[in-house]
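Single-letter residue listing:
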Amino acid sequence: MTAAPSTTSPSPTVPAPAGGPGGTGSRGSLGPVGLVLAGGVSVQFGGALAVTLMPRAGAPGVVALRLLAAAIVLLVFCRPRLRGHSRTDWGTVIVFGVAMGAMNGLFYEALARIPLGAAVTLEVLGPLTLSVLASRRAINVLWACLALAGVFLLGGGGFGNLDPTGVAFALGAGAMWAAYIVFSARTGRRFPQADGLALAMAVAALLFLPIGIADAGSRLLDPTTVALGSAVALLSSVLPYTLELLALRRLPASTFAVLMSLEPAIAATAGFLVLGQALSATEAAAIGLVIAASIGAVRTQMGRNKTPQAPVSP
């Protein structure tokens, strides 16, 4: 297994995937970029589906169902090894699980109060801030600033008409998203395959299940609610978290964080297709800025890969 890059000191090159051939150029970059984009599409359409489920189970209930179903699926398929890990390993995976649970809980509380596009727009400020702090190249700061401009344009230039509690929840979710990026990379270094993700998901589910039961009660046992909650778990947790964890092993966290700026655009598309939320001309222009920033980040990373790479230890 190749090591995931550090978020505080981005690696100068992108390592090849474990077991695969090394190399440079676009093929090595487009693989992890494709994983990130696929994860973004999955999580935003899962979020749109979750909005339709909230009247049945409430925000805490939806989060509890999502995390529990995802934990069961990942534990069954990954069968993570529990022995042979250090205290630091367990500490990392526990913090990863806490960040994951908090990110989900805060975001769904935001969705209960403000529109999907606005919630994601505010949430993405966390990864963008991480990108600026983690990057040591001026060009990455430029892409982050361009994406940030698109984010605010997508929010209509201001958020004064939104529920302030919902805004606070979305900003808190963004902070936890940044923590998720950091500890996802660290977990990927310490655990093989998706074992660390499965264990972290179990931690998140155990922490949030009592909250969901206290809020939703017997509504969590309704068969339709369980089925929809399982679908949300697959779309919003199992697929995107696995894809992103794999991508973080091959992309610097700063580049990954800028790519996360695509989330408002994907959320706006999901909101239109699933929830019937139409896009204005201003929102379309904002999406263009965000996409331009993401393309710039990808091209910057591909340019770095044209230089010779040092071998990566397994």
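The text that follows walks through the structure, step by step, so that each part is easy to find. (Residues numbered from 1 in each chain as written. Predicted model: local features only at pLDDT ≥ 70, side-chain atom pairs only at ≥ 80, totals over all residues. Heavy atoms only, no water.)

**Structural notes on the overall build of the protein**
Counting its regular elements, the protein contains 11 helices and 0 strands. The buried share among the 314 residues of the protein stands at 52%. A separation of at least 24 residues holds for 89% of the contacts in the protein among residues at least 6 apart in sequence. Entry remark: accessible area of the protein is about 13,100 Å², with carbon and sulfur atoms responsible for 67%. (Helix = DSSP H or I, 4+ residues; strand = E, 2+ residues; numbered from the N terminus. Buried < 20%, exposed > 50% of the residue type's maximum accessible area, 1.4 Å probe, protein only. Contact = heavy atoms within 4.5 Å. Areas by Shrake-Rupley, 256 points an atom, 1.4 Å probe, with all protein chains shown as cover.)

**Considering the pattern of salt bridges**
Pairing is possible between side chains of opposite charge, provided their charged atoms come close. Inspection of every chain in the model, using the stated rule, returns 3 salt bridges. As a salt-bridge pair, Arg 56 and Asp 222 come within 3.5 Å of each other at their nearest N and O atoms. On the criterion of sequence distance, the pair formed by Arg 56 in helix H1 (residues 26-78) and Asp 222 in the loop between helix H7 (195-216) and helix H8 (223-248) is long-range, its members being 166 residues apart. Judged by relative accessible area, Arg 56 falls into the partly exposed class, the value being 37%. Residue classification places Asp 222 among the partly exposed positions, given a relative accessible area of 29%. (Salt bridge = Lys/Arg side-chain N within 4 Å of Asp/Glu carboxyl O.)

**Thoughts on the environment of Ala 173**
Structurally, the position occupied by Ala 173 is in helix H6 (residues 164-190). Accessibility expressed as a relative area gives 0% for Ala 173, which makes it buried. Measuring from C-alpha to C-alpha, the distance between Ala 173 and Gly 126 comes to 7.9 Å, with 47 residues separating the pair along the chain. Beyond its immediate stretch of four places on either side in the chain, Ala 173 contacts Met 103, Leu 106, Phe 107 and Glu 123.

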